[in-house]
Amino acid sequence: MKLLSLSSPPPFSQALLHVPLFLFSSILLSSLLLVFLILLWRRHPKDKRLPPGSMGWPYIGETLKLYTENPNYFFSNRQKRYGEIFKTNILGCPCVMISSPEAAKTVLVSQAHLFKPTYPPSKENLIGPEAIFFHQGAYHSKLKKLVQTSFLPLAIKGSVSEIEQIVLKMLPTWKNNTINTLQEMKRYAFDVAMISAFGDKMDIEMDGIKKLYLCLEKGYNSMPLNFPLTPYRKAIKARKLLNETLRRIIERRRDSKNYGGGLLGVLLGGKELSDSQIADNIIGVIFAAHDTTASVLTWTLKYLSDNVNLLEAVTKEQEGIKMKMVGAGLTWDDTRRMPLTSRVIQETLRRASILSFTFREAVEDVEFEGYIIPKGWKVLPLFRTIHHCADFFPQPDKFDPSRFEVPPRPNTYMPFGNGTHSCPGSELAKLEILILLHHLTLSYRWQVTGENDGIQYGPFPVPKRGLPVKVTKRSKTVPT
Ligand code: HEM
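Residues numbered from 1 in each chain as written. Predicted model: local features only at pLDDT ≥ 70, side-chain atom pairs only at ≥ 80, totals over all residues.

K.L.:
Hey, could you run me through the overall build of the protein in this one?
P.N.:
Across its full length, the protein holds 18 helices and 12 strands. Of all 480 residues assigned to the protein, the portion counted as buried reaches 37%. Residue pairs in contact within the protein that sit at least 24 positions apart in sequence constitute 73% of those at least 6 positions apart. (Helix = DSSP H or I, 4+ residues; strand = E, 2+ residues; numbered from the N terminus. Buried ≥ 20, exposed ≤ 12 C-beta atoms within 10 Å, placed from the backbone. Contact = placed C-beta atoms within 7 Å.)

See the structure below:
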């Protein structure tokens, strides 16, 4: 018998017999290696799963869908399909949208340092890069303290009679006329914003500031095309001129050693800010106060005209205030005794949710609820979706101020945002709405002309065509 030496190769036919075994063991080995590599890969936080969702078409992503579908459906369809956190791609930016109160709190409050505010450079340049919205850290905290000081109840108490004067001058111009509610509310919100920015002693430059500001705002809401005669190019020019005007005012106030009132007085008094930092923040605050408040006011009038019984109940509350008034005008304390009117404002803020979401950007790869959000991705807490969730607000499409007789669950109601960047102007916004509603409901009635439904975006969602209404004198003005 011929012994096979271990060193000698097996005859060819015998070697063939070993092939399946060899193949089997190498497949087994490589599979084990693959599984090991996958496990290693999955353990690395950088390579964890991205949230579910569709990134749509290359570059345009799902932008067209977002802008052509009703935004309510866009968000809720994806929420139904993918859950409370999903990815998408808007205007070439990968985004993660979140719609649970807890996740929104993480992004805006508890882990806010990992998510910085983010705006397109075209918009940032028009407002001014040193404005509060664009910053984090020490510079942001310093500014926030100064801005908050200017809008705390203690500071705005003194503005009640100035705001009331604006209302009393404006309302009679509406009588027996058809007005465009949004345009009128913009006029009102702008005048109030000017008082809060500059104080009640108006400078000679105010008319010029208004014209330049309106040009700036038009460009801000247009396509950022920097060509001759485009609204954007005109806005860049207006922004430069605004800067010059503001610098003249700042210089005058510094020279006279009287910093004056309003936010400008507070920012000058802080003594740590440069002229351009002050200018960017004055423009930023006027910007933040203007269209937002005007859009909410427009919705308030729409909801009250749709709910006549509610309008009468609000009027009754205001009659009660009027009967107990000691002096000629409203006081801060009067405005604290309007619970029903205040709930109407709360419900308007929820139902209209004019800021559907806000933008943040992950400053590093962030592990989030079992997913990874890569550095540079946008993160959007969806305020509107949370405000319209039936678990927190039953029958969410119903306008029902009584739901605010009990406070909403924590982190489910964020019309003014949450955390570090939350709105410092919320009390002022509510105050100006209360003062307007007091006089409007007591003395006037308004009827929507033409089609009553539909929404347009300009830039916030507002009733179609800016809600044209015919205003008439209320027949019963004396309280019974
Ligand atoms: C009803 C009207 C208003 C609404 C719904 C509103 C809503 C908001 C929201 C949601 C934010 C947070 C944005 C974010 O987290 O990215 C915000 C920020 C801000 N709002 Fe308002 N706002 C209103 C009126 C005002 C008014 C009247 C002022 C000023 C007088 C104002 C000044 C600001 C400023 C300066 C910020 C930026 C704060 C920061 O970055 O720290 N807002 N607003």
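Structure's up, so let's keep going.
K.L.:
Explain the site of the ligand here, please?
P.N.:
The local shell around the ligand holds 26 residues, among which A288, A289, G417, C423 and G425 are the closest. Among the secondary structure elements, those contributing two or more residues to the shell around the ligand are α6 (137–151), α13 (275–306) and α18 (426–443). Here the element with the most residues in the shell around the ligand is α13; it accounts for six residues. Here the residues of the shell around the ligand sort into 17 nonpolar, eight polar and one charged. (Near = placed C-beta within 6 Å. Nonpolar A, V, L, I, M, F, W, Y, C, P; charged D, E, K, R; others polar.)

K.L.:
Teacher, can you tell me more about helix α3 (residues 71–82) here?
P.N.:
Within an α-helix, residues lying three or four positions from one another point in the same direction, as the helix has 3.6 residues per turn. Its 12 residues give α3 an end-to-end C-alpha distance of 16 Å, which sits within 8% of 16 Å, the value for a rise of 1.5 Å per residue. Of the residues one or two after α3, G83 is the one with positive phi, at around 105°. (Expected span 1.5 Å × (residues − 1).)

K.L.:
How should the sheet that holds strand β9 (residues 444–448) be read in this particular structure?
P.N.:
Hydrogen bonds between backbone groups are what pair the strands of a sheet, and the pairing can be parallel or antiparallel. One open sheet holds the three strands; their spatial order is β4-β12-β9, and the pairing between them is antiparallel. Strands with a single pairing partner mark the edges of an open sheet, and in this sheet they are β4 (178–180) and β9. For this sheet, the mean angle separating the axes of adjacent strands, direction not counted, is 35°. Across three bridges, the pairing between β4 and strand β12 (residues 468–473) is antiparallel. In the sheet register, I179 faces β12, and the bridge partner there is V469. Docked against the sheet, helix α9 (residues 181–198) engages β4 and β12, running at close to 65° with respect to β4. (Pairing = 2+ DSSP bridges. Axes fitted to C-alpha atoms, helices over the stretch in contact; angles between N-to-C directions.)

K.L.:
In this structure, what is going on with the sheet that holds strand β2 (residues 93–98)? I would like to understand it.
P.N.:
Ordered by their spatial adjacency, five strands build an open sheet running β1-β2-β8-β5-β3, and the pairing between neighbours is mixed. Among the strands making up the open sheet, the edge pair consists of β1 (85–90) and β3 (115–117). Ignoring strand direction, the axes of neighbouring strands in this sheet form an average angle of 35°. The sheet contact formed by β2 and strand β8 (residues 378–381) spans four bridges and is parallel. Residue C95 lies in a different strand from β8, and its bridge partner there is K378. Helix α4 (residues 101–110) rests against β1, β2, β3, β5 (360–362) and β8 of the sheet, and its axis sits at about 125° to β8.

K.L.:
Which parts of the structure should I look at to understand the pairing of β2?
P.N.:
For a regular strand, the rule is simple: side chains alternate between the two faces of the sheet. Where β1 and β2 come together, six bridges link them in antiparallel fashion. Of the residues in β2, the one forming a bridge with N89 is P94. Connecting β1 to the next strand, β2, in antiparallel fashion are two residues, including L91 with a positive phi near 50°.

K.L.:
I tried to follow the environment of A313 on my own but got confused; where do I start?
P.N.:
Here A313 lies in helix α14 (residues 308–324). Each C-alpha atom, one on A313 and one on L340, is 8.0 Å from the other, the two residues being 27 residues apart in sequence.

K.L.:
Looking at this structure, how should I read the pairing of β8?
P.N.:
The side-chain alternation of β8 yields two buried faces, one formed by K378 and L380 and the other by V379 and P381. Direction of pairing for β5 relative to β8: antiparallel, over a ladder of two bridges. Note that in β8 the partner of R360 across the bridge is V379.

K.L.:
Can you walk me through the packing of helix α12 (residues 262–269) against α13 in this structure?
P.N.:
How two helices sit against one another is set out by the angle between their axes and by the gap between those axes. Across the interface, α12 lies against α13 with an axial gap of 10 Å and an inter-helix angle of 150°. The angle between the axes of α12 and α13 places the two elements in the roughly antiparallel class. For the pair α12 and α13, the crossing hand works out as right-handed. For the pair α12 and α13, the contacting residues are L263, L264, L267 and L268 in the first and I278, N281, I282 and V285 in the second. Residue composition of the contact of α12 with α13, grouped by class: seven nonpolar, one polar and no charged. (Parallel < 35°, antiparallel > 145°, perpendicular 65-115°, else oblique. Left-handed = near helix turned anticlockwise from the far one by under 90°.)

K.L.:
In this structure, what is going on with the UniProt feature "binding site: heme" (unreviewed entry) in the protein? I would like to understand it.
P.N.:
Cross-referencing UniProt, the feature "binding site: heme" (unreviewed entry) maps to C423 in the present numbering. Note on placement: C423 falls in the loop between α17 (383–387) and α18. Among residues more than four places away in sequence, those in contact with C423 are F416 and G417. (UniProt positions renumbered as here; feature names shortened; annotations may be inferred.)

K.L.:
How do you make sense of the nonpolar core when you look at a structure like this?
P.N.:
Proteins that are soluble and globular tend to have nonpolar side chains buried together. Grouped together as the largest cluster of nonpolar side chains are 79 residues, with contacts concentrated most on A197, I282 and I286. Here this core gets 15 residues from one element, more than from any other, and that element is α13. Once residues lying within four places of it in the same chain are set aside, the contact partners of I286 are A193, A197 and Y213. Counting residues in each nonpolar core, the second largest holds 27 residues, with V366, I372, W377 and L382 among its members. (Core = buried A, V, L, I, M, F, W, Y, C linked by C-beta atoms within 7 Å.)

K.L.:
Honestly, unusual backbone geometry in this entry has me stumped. Any pointers?
P.N.:
A negative phi angle characterises most non-glycine residues, just as the trans form characterises most peptide bonds. The phi dihedral of Q395 falls on the positive side, at around 45°, and the residue is not glycine. One non-glycine residue, N411, lies in positive phi territory at about 65°. Summarising the element assignment, N411 is placed in the loop between α17 and α18. Its 19 C-beta neighbours within 10 Å are what place N411 among the partly exposed residues.

K.L.:
How should I be thinking about α18 in this particular structure?
P.N.:
Counted at 1.5 Å a residue, the expected span for α18 with its 18 residues is 26 Å, and the 26 Å between its end C-alpha atoms agrees. The buried fraction of α18 is high, at 13 of 18 residues.

K.L.:
Teacher, can you tell me more about the packing of α13 against α18 here?
P.N.:
Packing of α13 against α18 leaves a shortest axis separation of 11 Å and a crossing angle of 40°. In this view, α13 runs oblique relative to α18, as classed from their interaxial angle. As for the relative orientation of α13 and α18, their crossing is right-handed in sense. For the pair α13 and α18, contact is made by T293, V296, L297 and T300 and by A429, E432, I433 and L436, respectively. For the contact of α13 with α18, the residue count by class is five nonpolar, two polar and one charged.

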